[in-house]
Amino acid sequence: VIYSWEYYCDLLFNGGWRGYPVFYPGNVQSDLQFLKGKVKGEMIEAESWTPDQAGNPAKTVMNYPGLQHPLLYVTSQLLWNPDADLKAMLDEYYKKFYGPGEVEMRAFWEAVETAWMNKRGVNPGDVYSKDITEKLLAHLNAAIKVTEPDSLDRKRIELIKSEFSPAALKASRLAAIDKPEATISKVPED
C-alpha cells in the first residue's frame with residue numbers, strides 16, 4: 001500500500017518566500033490523474049509554521065490561509081475526481097468565493113499561476129518581478145473596490161492582500177537594487 005505525501009508549504013518555511021502566492025492547479029490535476037489507482041491516499045502538508053510554532057501543536061496554525069487555500073481547495077476537489085473539469089471548478093470557486101470580485105480575483109490567480117509556471121530560477125525575484133507584483137496588487141485593489149464594505153467577499157480579498165503586500169513591497173525593493181555586473185575576458189587561444 002502506497003500513500004503520497006505532498007508538500008504545499010515548503011516555500012513558506014523559507015523566510016524569503018513568505019507572503020508570495022503559489023498556484024499550480026493544472027499540475028495538481030496532472031499529478032492526481034497519474035496517481036489514480038496507484039496510491040491509496042494522499043497527505044498534504046500545508047502548515048506554515050514559524051520557528052516558535054514548530055513542534056508545538058497548540059501553536060501550529062496555517063499562517064497564510066488567504067494565499068494557501070485556493071490550492072488546497074482545488075486539491076480537495078480533485079481528490080474526489082482527478083478527471084473533473086478544472087475550468088468549471090475554478091469558475092464556480094471564483095464566483096462563490098469572491099462574489100463581485102470574481103473577475104479580478106480570477107485574473108489575480110491566473111497571473112500567479114503564469115508567473116509560477118514560467119519561473120526562471122529559484123528565488124522570489126525570479127518569479128515575481130516588480131511589474132508582476134504591481135499587476136497582482138492592482139487586481140486585488142480592483143477586486144476590493146467592487147465588493148461591499150464589511151462583506152465576506154471583501155474580507156477574503158483583503159486577507160489575501162494583507163498576506164501578499166509585504167512580499168510585494170520586498171519585490172519592489174529588490175527590483176530597485178542595481179544588480180552587479182562582471183566582464184570576463186576571453187582567454188587567448190594558443
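Residues numbered from 1 in each chain as written. Predicted model: local features only at pLDDT ≥ 70, side-chain atom pairs only at ≥ 80, totals over all residues. Heavy atoms only, no water.

Caption draft 1: Geometry of the packing of helix H3 (residues 65-80) against helix H8 (residues 152-176). Interaxial distance between H3 and H8 falls to 8 Å at its minimum, and their mutual angle equals 115°. The orientation of H3 relative to H8 falls into the category roughly perpendicular. For the pair H3 and H8, contact is made by Pro65, Gly66, Leu67 and His69 and by Leu159, Ile160, Glu163 and Phe164, respectively. Residue composition of the contact of H3 with H8, by class: five nonpolar, two polar and one charged. (Axes fitted to C-alpha atoms, helices over the stretch in contact; angles between N-to-C directions. Helix = DSSP H or I, 4+ residues; strand = E, 2+ residues; numbered from the N terminus. Parallel < 35°, antiparallel > 145°, perpendicular 65-115°, else oblique. Contact = heavy atoms within 4.5 Å. Nonpolar A, V, L, I, M, F, W, Y, C, P; charged D, E, K, R; others polar.)

Caption draft 2: Quick peek at a nonpolar patch on the surface. Nonpolar side chains collect at one region of the surface, where Trp5, Tyr7 and Met43 lie side by side and expose about 340 Å² of accessible area between them. With respect to the secondary-structure elements, Met43 resides in strand E2 (residues 41-45). (Patch = residues over 30% accessible without salt bridge, like charges linked within 9 Å, V, L, I, M, F, W, Y side chains within 5 Å. Areas by Shrake-Rupley, 256 points an atom, 1.4 Å probe, with all protein chains shown as cover. Salt bridge = Lys/Arg side-chain N within 4 Å of Asp/Glu carboxyl O.)

Caption draft 3: Fine view of the environment of Ala54. In this fold, Ala54 is placed in the loop between E2 and H3. Given a relative accessible area of 45%, Ala54 falls into the partly exposed group. C-alpha separation for the pair Ala54 and Ser30, spaced 24 residues apart in sequence, amounts to 31 Å. (Buried < 20%, exposed > 50% of the residue type's maximum accessible area, 1.4 Å probe, protein only.)

Caption draft 4: A look at the confidence of the model for the protein chain. Model confidence for the protein chain is summarised by a mean pLDDT of 87, while 93% of its residues fall at 70 or above. Of all the helices and strands in the protein chain, helix H1 (residues 10-13) carries the lowest mean pLDDT, 59, while helix H4 (residues 86-98) carries the highest, 97. (pLDDT = per-residue confidence, 0-100.)

Caption draft 5: Quick peek at the pairing of E2. The buried fraction of E2 is high, at four of five residues. Inspection of the sheet shows strand E1 (residues 3-7) paired to E2 by five bridges, in the parallel sense. Residue pairing for E2: Glu6 is matched across the bridge by Ile44. (Pairing = 2+ DSSP bridges.)

Caption draft 6: The arrangement of the nonpolar core in detail. The biggest cluster of nonpolar side chains holds 41 residues, and the ones touching the most others in it are Met105, Phe108 and Trp109. Listed by contribution, the elements that provide at least two residues to this core are helix H2 (25-35), H3, H4, helix H5 (102-117), helix H7 (130-146) and H8. A total of seven residues in this core trace back to one element, the largest contributor, which is H5. Setting aside chain neighbours within four positions, we find Trp109 in contact with Pro21, Phe23, Gly66, Leu67, Pro70, Tyr94, Tyr98 and Ile160. (Core = buried A, V, L, I, M, F, W, Y, C linked by side-chain atoms within 4.5 Å.)

Caption draft 7: Molecular detail of the packing of aromatic side chains. Following the criterion strictly, the structure yields nine aromatic pairs and no others. Linked through ring pairs, Tyr73, Tyr93, Tyr94, Phe97 and Tyr98 together constitute an aromatic cluster. Between Lys119 and the ring centre of Trp116, over which it is positioned, the NZ or CZ distance is 4.1 Å. A cation over an aromatic ring shows up here: Arg156 above the ring of Phe97, its NZ or CZ 4.0 Å from the ring centre. (Phe/Tyr/Trp six-rings, centres within 6.5 Å; stacked < 30°, edge-to-face > 60°. Lys NZ or Arg CZ within 6 Å of the ring centre and 35° of its normal.)

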